[in-house]
Amino acid sequence: MKISICSFSFHRLLAAGKQDIFQYIKDCKELGCTQLDPWNAHLAELNQGEDALHAGANPDQSQHLTAVDDEFLERVKRAADEAGLPFGCIAVDGAHIYEESEEARASNRQRAYRWIEIAEKLGASHIRIDSGGPQQWTDDVFGIVVEGYQDIIARAEKAGIQVIVENHWGPTVDPDNTVKLLEAVPGLGLLLDSWNWAHGKQAEGWLKCAKYATVTHIKSFHFTEDGQELTQNVPSFCKLLQDNGFKGTWGVESVPADGNEIEGARKTIQLIQRSVR
């Protein structure tokens, strides 16, 4: 089984100075992961821990996540190689496609280009770029989003990287919007998050989007003593993905209410392992 942990699962450890990208690699190795799925804050120059907390709570306002330099990236790649863990999906905040002004869109596009370069240097297979935009697209806004994805997909393909969108914030928390975008942009993959849906839309999101899943984020918040997740039916989510032919990496994005991020990730992995046939 292929298992990964999106490093957002450790954003509080990052903010507290108790984990960096190198410790993340070690923790993933210890937890039995088969690949690395960093959140870009783990690869950014953070001035203080609050930067990570702000980015985690405000992905639409995370343009301050300035990428580390190439020398640092070489050290990261060596550490990953020594651990025997390839890079999978880099989840990028702050480089989304849509902003109201053309100037802001151009600035975000340059950030997306830089993160594609980073993904290539690390040998990553996927990069998550959000769509951005209002809760409901107008035809003009949707056209801008489609054009933007076409542009970055063409650039990423040259580097052997697939661009994926996530049901994350803005319009993509509506299942119909997510499907509309995926159908309109050939080559765009889906990072299917089990939780990030508009209120009352989770079941619809699972059913409509499972067949598109390229990568997953399986959320977890609260566990029972016997290791079940209380906020959603993780075994049912896993079964639905398998029934729809999912063959990818089972990705964890745990947000434990008790604050123990290492144990939250461990329990989520164990639950997935029990759930997948």
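Please read these numbers as outputs of a predicted model, since none were measured by experiment.

(A) Representation of the overall build of the chain within the structure. Helix and strand content of the chain: ten helices and seven strands. Against the compact-globule benchmark of 19 Å for 277 residues, the chain has a radius of gyration of 17 Å, which places it among compact chains. Judged by the C-alpha coordinates and their principal axes, the chain covers about 50 × 45 × 30 Å. Counting over 277 residues, the chain shows a buried share of 55%. Taking contacts inside the chain between residues at least 6 apart in sequence as the whole, the part at least 24 apart equals 76%.

(B) Quick look at the sheet that holds strand E6 (residues 213-220). The seven strands are arranged E1-E7-E6-E5-E4-E3-E2 in an open sheet whose pairing can be described as parallel. A strand with exactly one partner marks an edge of an open sheet, and here the two such strands are strand E1 (3-5) and strand E2 (89-92). Along the sheet, successive strands turn relative to each other by an average axial angle of 30°, direction set aside. Two elements, strand E4 (residues 162-166) and strand E5 (residues 189-193), share three bridges in a ladder whose sense is parallel. Bridge assignment links Ile164 to a residue of E5, and that residue is Gly189.

(C) The side chain of Asp193, seen in detail. Within the fold, Asp193 resides in strand E5. Looking at Asp193, its side chain comes within polar contact range of the main-chain nitrogen of Asn196, at 3.0 Å. Asp193 has contacts with Glu166, Asn167, His217, Lys219 and Glu253, leaving out every residue within four places of it along the chain.

(D) Quick peek at the nonpolar core. Formed by 75 residues in total, the largest nonpolar core has its most connected members in Ile129, Tyr149 and Leu181. Residue contributions to this core peak at eight residues, all from helix H6 (residues 139-158). Judged by nonpolar contacts, the second largest core, of twelve residues, contains Cys6, Ala55, Leu65 and Ala91.

(E) Highlighting the pairing of E6. Along E6, seven of the eight residues are buried, which leaves the element largely enclosed by surrounding structure. After leaving E5, the chain enters helix H8 (residues 202-209) and then returns to the sheet as E6, a path that is right-handed. With three bridges joining them, E6 and strand E7 (residues 250-254) adopt parallel strand pairing. Following the sheet pairing, Lys219 is matched in E7 by Glu253. Each parallel crossover has a hand, and for E6 linked through helix H9 (residues 234-243) to E7 it is right-handed.

(F) Region of interest: H6. Under the 1.5 Å per step criterion, the end-to-end length of H6 is 29 Å for 20 residues, consistent within 8% with the ideal 28 Å. Three or more residues of H6 are buried, namely Val141, Phe142, Val145, Val146, Gly148, Tyr149, Ile152, Ile153 and Ala156. Along the axis of H6, the buried positions cluster into a sector of 165°, meaning they face one direction only. Turned more than 90 degrees off the buried face of H6, the exposed positions are Asp139, Asp140 and Lys158. The secondary structure elements touched by the buried residues of H6 are helix H5 (102-122), strand E3 (126-129), E4 and helix H7 (175-184).

(G) Molecular detail of a negative patch on the surface. Residues Glu45, Asp69, Glu71 and Glu74 make up a contiguous surface patch of negative charge. Note on placement: Glu71 falls in helix H4 (residues 70-83). Among the residues examined, Glu71 registers a relative accessible area of 58% and is labelled exposed.

Conventions adopted
Residues numbered from 1 in each chain as written. Predicted model: local features only at pLDDT ≥ 70, side-chain atom pairs only at ≥ 80, totals over all residues. Heavy atoms only, no water. Helix = DSSP H or I, 4+ residues; strand = E, 2+ residues; numbered from the N terminus. Rg over C-alpha atoms; globule rule 2.2 N^0.38 Å. Buried < 20%, exposed > 50% of the residue type's maximum accessible area, 1.4 Å probe, protein only. Contact = heavy atoms within 4.5 Å. Pairing = 2+ DSSP bridges. Axes fitted to C-alpha atoms, helices over the stretch in contact; angles between N-to-C directions. Polar contact = N/O pair within 3.5 Å; in protein donor to acceptor, adjacent residues only side chain to side chain. Core = buried A, V, L, I, M, F, W, Y, C linked by side-chain atoms within 4.5 Å. Right-handed = clockwise from strand over helix to strand, strands pointing away. Expected span 1.5 Å × (residues − 1). Arc of directions from axis to C-beta. Patch = residues over 30% accessible without salt bridge, like charges linked within 9 Å, V, L, I, M, F, W, Y side chains within 5 Å. Areas by Shrake-Rupley, 256 points an atom, 1.4 Å probe, with all protein chains shown as cover. Salt bridge = Lys/Arg side-chain N within 4 Å of Asp/Glu carboxyl O. Lys, Arg positive; Asp, Glu negative; His and termini not counted. Charge placed at Lys NZ, Arg CZ, Asp CG, Glu CD.

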